[in-house]
Amino acid sequence: MENGVDLQQTPTDDHPPQLQELPFSLPPYPQMIMDAIEATNGCNKTAIVKHIDSTQITLPPSHLTLLNYHLNWMKQSGQIVIVKNNYMKPNPNAPPNRGRGRPPKPKPEGDSSHVAVVPAPTPRPRGRPSKSKDS
């Protein structure tokens, strides 16, 4: 016992349980999000929150923070897409998204050792060309 505090003291019933001790038996957030999207065939964040609130009895206090994190993570990993502020499952037949700007030129096929080397042409002389002497 140091300074009147017993370090070996066990928790008693008069102390509230710590957050880590609370039993939350939730399915994983990506699964809950996908269930909400499938139930409504694409929905916004508030509809996802309402669906999860209606299906789950107990939610952790940091529920909205966890939901935002998992929505952003699933969007970046390509598991869901955002179309007009609605979260949807990606269309497997859709073409991949292109980046901005002009696409790069296709590279020639084959090994670079088989490419013919063309000598550079002789450079032109500087200045204006001289008049022809015939006229």
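One can find the structure itself at the top, above this paragraph.
Being a predicted model, the structure only gives us computed values, none of them experimental.

Q: Tell me what's going on with the pattern of salt bridges, and back it up with residues and numbers.
A: Counted according to the given criterion, the structure contains one salt bridge. Note that K89 and E38 form a salt bridge whose closest N and O atoms lie 3.0 Å from each other. Of this pair, K89 sits in the segment after β2 (86–88) while E38 is found in helix α1 (residues 29–40), placing the two residues 51 residues apart along the sequence.

Q: Would you mind going over the nonpolar core in detail, with residue names and values included?
A: Ranked by size, the top nonpolar core spans 15 residues in total, and within it I33, I37, I48, L67, L71, I80 and Y87 carry the most contacts. When contributions to this core are tallied by element, the ones reaching two or more residues are α1, α2 (45–55) and α3 (63–77). Top contributing element to this core by residue count: α1, with six residues. Among residues more than four places away in sequence, those in contact with I37 are G42, C43, I48, I80, Y87, M88 and K89.

Q: Account for unusual backbone geometry, naming residues and giving values.
A: One non-glycine residue, N41, lies in positive phi territory at about 55 degrees. Structurally, N41 is set in the loop between α1 and α2. Although it is not a glycine, K84 sits at a positive phi angle of roughly 50 degrees. Residue position: K84 is located in the loop between β1 (81–83) and β2. According to the relative accessible area criterion, K84 is exposed, its value standing at 79%.

Q: Account for the packing of α1 against α2, with residues named and values stated.
A: Packing of α1 against α2 brings their axes to within 9 Å, and their N-to-C directions diverge by 110 degrees. Considering the angle they form, α1 stands roughly perpendicular to α2. Across from M32, I33, D35, A36, I37 and A39 in α1, the residues of α2 making contact are I48, H51 and I52. For the contact of α1 with α2, a count of residues per class yields seven nonpolar, one polar and one charged.

Q: An account of α1 is needed here, citing residue identities and associated values.
A: Over its 12 residues, α1 extends 17 Å from the first C-alpha to the last, a length consistent with the 16 Å expected when each residue adds 1.5 Å. On its buried face, α1 is in contact with α2, α3 and β2. Just past α1, the residue N41 takes up positive phi, approximately 55 degrees.

Q: Mind laying out the packing of α1 against α3, listing which residues take part and the relevant values?
A: At a closest axis distance of 10 Å, the pairing of α1 and α3 adopts a crossing angle of 80 degrees. For the element pair α1 / α3, the angle class is roughly perpendicular. Each of Y29, P30, I33 and M34 in α1 lies in contact with α3, whose residues at this interface are H63, L66, L67, H70, L71 and M74. When the residues that make up the contact of α1 with α3 are grouped by side-chain class, the tally is eight nonpolar, two polar and no charged.

Rules and cut-offs
Residues numbered from 1 in each chain as written. Predicted model: local features only at pLDDT ≥ 70, side-chain atom pairs only at ≥ 80, totals over all residues. Heavy atoms only, no water. Salt bridge = Lys/Arg side-chain N within 4 Å of Asp/Glu carboxyl O. Helix = DSSP H or I, 4+ residues; strand = E, 2+ residues; numbered from the N terminus. Core = buried A, V, L, I, M, F, W, Y, C linked by side-chain atoms within 4.5 Å. Buried < 20%, exposed > 50% of the residue type's maximum accessible area, 1.4 Å probe, protein only. Contact = heavy atoms within 4.5 Å. Axes fitted to C-alpha atoms, helices over the stretch in contact; angles between N-to-C directions. Parallel < 35°, antiparallel > 145°, perpendicular 65-115°, else oblique. Nonpolar A, V, L, I, M, F, W, Y, C, P; charged D, E, K, R; others polar. Expected span 1.5 Å × (residues − 1).

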